[in-house]
Amino acid sequence: MTDDRTRDVALSRREALLTLGGIGVGTAVFGSQSTGSTTGDGGTGSDDGVATPARVATVTAAAEVVYPPNVSVDDVFVRQYVFGRVGPTEDHFERLAAVVDTVDREARLRFGKRFASLSKGDRRRVLTGLGTFAVHPNRRGTTAERVRFHLVNDLLYALFTLPRGGRLMGVPNPPGYPGGNELYQRGPDR
């Protein structure tokens, strides 16, 4: 018998869509808009002008550094869940795009290649060199704080709000996920 926590976690398109649907419904209850293309008021997911193929490739490559080794994602997941989720602020996706461009520019300066073209070790060196893992996230802070806030935190949000990703951290029914009645009907583990 294989433990769910030790199996390779490949986040499926279906799981991403289910979670997006659950989050969209949950935020609609609180007065936000559901996912879709940007309308200028910032309540929705990004449009294709922000989620360019180069930026999606950079975020996908960053996920390999940020996520645990047994998690694998692809550009479909990044496009639909990182760039396609409900934006918490009006300018969130524009700021995310600027941060992604900064990371790519730093990779070109240090290694002469795009971030997505680097080895996993060199990608980690770029993010570490920026100070990303040594700061607290701040959306209006230093470059390192902005990379941590927009890139790293968006990737972590995408991972841990999906049921399979949430199980990695012991959260079998993350907020916004439709379902989970059996979780609330059983007694505590003793």
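Just so you know, these numbers come straight off a predicted model, no measurement behind them.

**Describing the overall build of the chain**
When helices and strands are tallied, the chain shows 8 helices and 2 strands. Counted from the first residue to the last, the chain has its helices and strands arranged as β-α-α-β-α-α-α-α-α-α. A total of 190 residues make up the chain; the buried ones form 41% of that total. Pairs at least 24 residues apart make up 60% of the contacts formed inside the chain by residues separated by at least 6 positions. In the form shown here, the chain has an accessible surface area of approximately 10,100 Å², with 52% of it arising from carbon and sulfur atoms.

**A closer look at the pattern of salt bridges**
In this structure the tally under the stated criterion is 8 salt bridges. Between Arg108 and Asp104 there is a salt bridge whose closest N-O contact spans 3.9 Å. Of this pair, Arg108 and Asp104 both sit in helix H4 (residues 92-111), 4 residues apart, which is roughly one turn of the helix. Its relative accessible area of 44% is what places Arg108 among the partly exposed residues.

**Some points on the environment of Val65**
With respect to the element layout, Val65 can be found in helix H2 (residues 53-66). Sequence separation between Val65 and Arg124 is 59 residues; the distance between their C-alpha atoms is 6.0 Å. In contact with Val65, not counting residues within four places along its chain, are Lys120, Arg123, Arg124, Leu127 and Phe133.

**Some thoughts on the packing of aromatic side chains**
This structure, assessed with the given rule, holds 2 aromatic pairs. Note on Phe77 and Tyr81: the rings are 5.8 Å apart at their centroids and 20 degrees apart in plane angle, and the pair reads as stacked. Note that Phe77 and Tyr81 are positioned in helix H3 (residues 75-82) at a spacing of 4 residues, about one turn of the helix. As far as the burial class goes, Phe77 and Tyr81 line up, both buried. Judged by centre distance (6.3 Å) and plane angle (10 degrees), the rings of Tyr81 and Tyr157 are stacked.

**Re the nonpolar core**
Of all hydrophobic cores here, the largest spans 36 residues; its most connected members are Tyr67, Phe83, Leu151 and Leu155. Once residues within four sequence positions are removed from consideration, Leu151 is found in contact with Val59, Ala62, Leu96, Val99, Val100, Val103, Leu127 and Arg146.

**Quick notes on the packing of H3 against helix H6 (residues 143-160)**
Helix-helix packing: each pair is described by the crossing angle between the helix axes and the interaxial distance. Close contact between H3 and H6 brings their axes to 10 Å; oriented N to C, the two are set at 100 degrees. In this view, H3 runs roughly perpendicular relative to H6, as classed from their interaxial angle. Counted together, Phe77, Tyr81 and Val82 of H3 and Asp154, Leu155, Tyr157 and Ala158 of H6 form the full contact between these two elements.

**Brief notes about the confidence of the model for the chain**
With 60% of its residues at a pLDDT of 70 or more, the chain has an overall mean of 75. Taken element by element, the predicted model of the chain shows its lowest mean pLDDT in helix H1 (residues 13-29) (44) and its highest in helix H5 (residues 120-129) (96). Ignoring residues within four places in sequence, the model shows residues 1-8, a span with pLDDT below 50, making 9 contacts including any to other chains. Taken as a whole, residues 19-43 scores under 50 in pLDDT and shows 49 contacts with residues more than four places along the chain or in a different chain.

Analysis parameters
- Residues numbered from 1 in each chain as written.
- Predicted model: local features only at pLDDT ≥ 70, side-chain atom pairs only at ≥ 80, totals over all residues.
- Heavy atoms only, no water.
- Helix = DSSP H or I, 4+ residues; strand = E, 2+ residues; numbered from the N terminus.
- Buried < 20%, exposed > 50% of the residue type's maximum accessible area, 1.4 Å probe, protein only.
- Contact = heavy atoms within 4.5 Å.
- Areas by Shrake-Rupley, 256 points an atom, 1.4 Å probe, with all protein chains shown as cover.
- Salt bridge = Lys/Arg side-chain N within 4 Å of Asp/Glu carboxyl O.
- Phe/Tyr/Trp six-rings, centres within 6.5 Å; stacked < 30°, edge-to-face > 60°.
- Core = buried A, V, L, I, M, F, W, Y, C linked by side-chain atoms within 4.5 Å.
- Axes fitted to C-alpha atoms, helices over the stretch in contact; angles between N-to-C directions.
- Parallel < 35°, antiparallel > 145°, perpendicular 65-115°, else oblique.
- pLDDT = per-residue confidence, 0-100.

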